[in-house]
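Spelled out, the chains give:
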Amino acid sequence: MLYVIATPIGNLGDITLRALETLRTVDVVLAEDTRHTLNLLRHYAIDKPLWSLHAFNEAKKEEGLINELKAGRTFALVSDAGTPGISDPGQRLIHRMRQEGLPLTTIPGPCALIAALTLSGFATDRFQFIGFLPKERRELHHALFSMLDYPATSIAYDSPHRIKKTLAHLVEIAPEARIAIAREITKRYEELVAGSPSDLLSHFQDREVKGEIVLLTEPLPAQSAWSEMTPAEHVQHLIETFQLTPQEAIKIASSLRGIPKRSLYSLRPKHHP
Ligand code: SAM
């Protein structure tokens, strides 16, 4: 049996009674970083064998764990913070367990993207989460376009070292956007700032940004209705709004609409000599 357990994202008090009870009763705790999880377990006077399971050994450990699970051993899976599998290891093992028909359950709790969304005041009825923003400039641009072009709230994780750069890109590509940054949620210096990209850039301008960051965007006013556009109109609208090349527009439209790129290539505007 595997228990997928959410742990605090900053405040050690944010753990459920069922999570603590389960951590006390399982045979082994699988942790992303055993030293980090040891602090949590010590805080609650829980003494358990800790095995490491992180992004770099998940594949290698899988076979052994599956055998242990088949033999009836019970495991708790935790990450350093929040919900395992959400920009954290775990999904691979869970997928394999589903294929093998092995029993698992979740003990839900904190998740930074949901905490940020609920704090932001942005629409919560529909949203997309795109994980960590990429580092490379071109990929980052694509990710930001796909956030701004989504017809509801978009959420991404970013790092404190890169957030000013991300904001500078947003000032350039969509100065009229309305965005929010949730920082250090549940911790001493928790803050939620919302406004235009340049408002937020000025807010962080003269200081070193520290701590953990979630970026949220609302759809641009003119943007909110791509679901009512035909694929051809959507590609054209991306080209015009963000001055994208047809290839870039096709890539974003295909990922937003969940349709293959090749189905959009025939819509590319033709060059007439
Ligand atoms: N599994 C986690 C979850 O459920 O949210 C996310 C893990 S991911 C490796 C870590 C990222 O989550 C951070 O870089 C930051 O973007 C976001 N994050 C985690 N804790 C946060 C907090 N207290 N405040 C704001 N963002 C946080």
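Residues numbered from 1 in each chain as written. Predicted model: local features only at pLDDT ≥ 70, side-chain atom pairs only at ≥ 80, totals over all residues. Heavy atoms only, no water.

K.L.:
What exactly am I supposed to notice about the domain arrangement of the protein here?
P.N.:
How big an interface is tends to be stated in terms of the accessible area lost upon association of its parts. Assigned domains within the protein: domain 1 (2–110), domain 2 (113–217) and domain 3 (226–267). The interface of domain 2 with domain 3 comprises 11 residues on the first partner and 10 residues on the second. Among the residues domain 2 hides against domain 3, the three largest losses belong to His142, Phe145 and Asp149. Together they make up 56% of the total. The interface formed by domain 2 and domain 3 includes 2 salt bridges. With a shortest N-O distance of 3.9 Å, Lys251 and Glu139 are connected by a salt bridge. Along the contact surface separating domain 2 from domain 3 lie 3 residue pairs in polar contact (both at pLDDT 80 or more). Of the residues forming the side of domain 2 that touches domain 3, the biggest block, 6 residues, is contributed by helix H6 (residues 137–148). (Domains from an automatic or database assignment. Contact = heavy atoms within 4.5 Å. Buried area = accessible area lost by both parts, 1.4 Å probe. Salt bridge = Lys/Arg side-chain N within 4 Å of Asp/Glu carboxyl O. Polar contact = N/O pair within 3.5 Å; in protein donor to acceptor, adjacent residues only side chain to side chain. Helix = DSSP H or I, 4+ residues; strand = E, 2+ residues; numbered from the N terminus.)

K.L.:
Mind showing me how you'd approach the sheet that holds strand E5 (residues 104–107) here?
P.N.:
The strands that make up a sheet pair up through hydrogen bonds in the backbone, lying either parallel or antiparallel. Here 5 strands make up an open sheet; going across it, the order is E3-E2-E4-E1-E5 and the pairing parallel. One side of each edge strand has no neighbouring strand; the edge strands of this open sheet are strand E3 (50–52) and E5. On average, adjacent strands in this sheet sit at an angle of 25 degrees to one another, irrespective of strand direction. Each of strand E1 (2–5), strand E2 (28–31), strand E4 (75–78) and E5 touches helix H4 (residues 91–100); the most contacted strand, E1, lies at about 145 degrees to it. (Pairing = 2+ DSSP bridges. Axes fitted to C-alpha atoms, helices over the stretch in contact; angles between N-to-C directions.)

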